[in-house]
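Structural features, examined
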Amino acid sequence: MSESQHGALRLRVKRIEAVTPEINRYTFGAADGSWLPPFSGGSHITVLIPADGDTRRNAYSLMSSPYDTSEYQIAVRRVDDGKRGSLAMHTNVREGDILLAGIPANLFPVSKHARHHLFIAGGVGITPVFAQLEELSLKGSSFELHLAVRGPEHAALGHELKERYGERVTLYGHDGESRLNTMDVLAGRPLGTHAYVCGPTRMIDDVVNSAHALGWSDSNIHFERFEDLGSTGDPFSVTLARSGAVIEVSPEQSLLEAVEEAGHKLPYLCRGGACGECETEVLELDGTIDHRDDWLSESDRATCKLIMPCVSRATCTKLVINA
Amino acid sequence: MLITGIKSRPVYDELTPMASGLIHLAAGQGSGGKALVRLLRAMTPEQLAATTVLYSTESFTGQNYLIDLQQFKVRDLAVFPTNADAVSGLDAYLATAKMGTRLYLTGSEGFIGTSMQVATSYGMNRDEVLREHAGSFVRRVWCAHCGHYSENVTHRIFECPGCELNLIVRDHYSGRLAAFQGVKADSEVPGEMPENEELDT
């Protein structure tokens, strides 16, 4: 299996395809030609992207088959006003380049007990579903997909899945008129149905609210946000209690990125406020924390004793964290 | 509620209406009828109209709450002469049930356990089911040697009706089998039996 370098995989860019006006698909192989670590459907990797002299760490879902570890595929949507990681992927990365990436982690696995799997995705949110459907298809599980796109030119990935899975895939918006109605899709489902949603925040909220209105319990509703929750905002400074280092967090970077740039380390996994790995104790605070994660409970947020450095910020005159 | 040191025994709940559900199915047996009555009393008229009750009159302790249950304006009340029939009735109901259904189980450990096996087979999750124990803690025992299930076991040592071995009932409950495990009582020294005792019934 491919050797990792300081815990990072060395990936060679084998192919780059434009699949929509905004989305490129990248196919990677191990730089040394060996096998890559195996993964399960719904997994993501964190890709280290050189950009403007910095390194951006963006998490991307793996969309290739979990049963073929000779290569990994990701899809990257270009976001022009983001933190420029996706822009660097689109403009700087060429076939044959070597990129570093973390080993796969899965925060969006399929349920082992579901009797039927119901996927709802929007736009580039389709990427984890590619690998999940491949896994379920080979296991012979029951599934269906409802995919909404913004127009015919954005429907290429949806057509690929339609080709593979036929009637089990329903597209919306590819013809410029049909629209996804989540109440209709979720209503009247048999017991043991699990819903998975990946897409813009509005779509996730819509599915969760519809499912609740239909009496679904939370353990049957699974979601992953692909939108960069955008840890951008006003600058602030943070003190690391153990070293005494004072670090300035600029408007364009997250607390985690600022700490890494200053040469310190914090634990992390998803870099999107979902997994809980980077949870850090707040020792002193003069001001308020701007919680942007999906991890902390309401009571944790209110007490401001914990912060998720990968996405959350602070409006404060003093912040000391236990790191 | 009996407190035991048996870690594998399920931790039971108290039945109260689960407001997030749209359809309610309450299945009870014997003295569990009391918990069903309390549950139905706590429901709104809308919840009652969306509730089906399955009740088995089989009882180890002789308790019967059928007359009390008949006072409520529920969608349907189905009565069964045995627990096994009630569990079959539950299976038939869940076969066509939709997401949004909440299940309430009450009665003996064996009844709750075998009903839970059915609910699990339809993919119901723990946050869709409440279980309240009622009546005696007689045990359902699975024989590790012949696989026979014995209901209402009250003593530590008993003869398995399946293979006629003397079994000792271990304090180990299997949620999957919905039973305590019974193993040969004198396997170390044949003929040397451990002391018998009444179980925590």
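Structure: above.
Computed from a predicted structure; not experimentally measured. (Residues numbered from 1 in each chain as written. Chains lettered and ligands numbered in written order. Predicted model: local features only at pLDDT ≥ 70, side-chain atom pairs only at ≥ 80, totals over all residues. Heavy atoms only, no water.)

1. What to know about the nonpolar core
All names here are of chain A. Our working rule: In this text, buried Ala, Val, Leu, Ile, Met, Phe, Trp, Tyr and Cys residues form a nonpolar core when linked through side-chain atoms within 4.5 Å. Burial classes follow relative accessibility: with a 1.4 Å probe on protein chains only, a residue under 20% of its type's maximum area counts as buried, one over 50% as exposed, and anything between as partly exposed. Secondary structure elements follow DSSP: runs of H or I no shorter than four residues count as helices, runs of E no shorter than two count as strands, and numbering proceeds from the N terminus.
The biggest cluster of nonpolar side chains holds 26 residues, and the ones touching the most others in it are Phe119, Ile126, Val129, Leu133, Leu145, Leu147 and Leu161. Put simply, the parts of the chain that give this core at least two residues each are β9 (116–122), α2 (127–139), β10 (143–148), α3 (156–165), β11 (169–172) and β12 (193–199). Broken down by element, this core gets its largest block of residues, four residues, from α2. Val259, Ile307, Cys310 and Ile321 belong to the second largest nonpolar core, which has 24 residues in total.

2. Structural notes on the pairing of strand β4 (residues 101–107) of chain B
Residues and elements named next belong to chain B. Going by this rule: DSSP calls a pair of strands paired once it identifies at least 2 bridges connecting them.
Counting buried residues in β4 gives seven out of seven residues, a clear majority hidden from the surface. Where burial is concerned, the two faces of β4 agree: the one with Thr101, Leu103, Leu105 and Gly107 and the one with Arg102, Tyr104 and Thr106 are both buried. The pairing of strand β1 (residues 23–29) with β4 spans six bridges and is parallel. Note on β4: the bridge partner recorded for His24 is Arg102.

3. Some points on the pattern of salt bridges
All names here are of chain A. Note the threshold: Salt bridges are counted wherever a side-chain nitrogen of Lys or Arg sits within 4 Å of a carboxyl oxygen of Asp or Glu.
Evaluated as defined, the whole model comprises 25 salt bridges over all chains. Across the pair Arg57 and Glu260 runs a salt bridge, and its minimum N-O distance is 2.9 Å. A residue pair is termed long-range when its members are at least 10 positions apart, and Arg57 in strand β5 (residues 54–61) and Glu260 in helix α6 (residues 255–261) qualify at 203 residues. A residue is classified by how much of its surface remains accessible, and Arg57, at 22% relative accessible area, is partly exposed.

4. Remarks on the interface of chain B and chain A
Rule in force here: The contact criterion used is simple: two residues touch if any of their non-hydrogen atoms lie within 4.5 Å. Using a 1.4 Å probe, buried area is obtained as the accessible area two parts lose upon being combined, added over both of them. Three classes are used, and their members are as follows: Ala, Val, Leu, Ile, Met, Phe, Trp, Tyr, Cys and Pro are nonpolar, Asp, Glu, Lys and Arg are charged, and the others, Gly among them, are polar.
Chain B puts 16 residues into the contact, and the matching count from chain A is 18 residues. Summing the contributions of chain B and of chain A, the shared interface buries around 1300 Å²; its carbon and sulfur component is 53%. At the junction of chain B with chain A, the criterion picks out zero salt bridges. Considered class by class, the residues forming the side of chain B that touches chain A number six nonpolar, six polar and four charged.

Nothing here speaks to function; it is all geometry.
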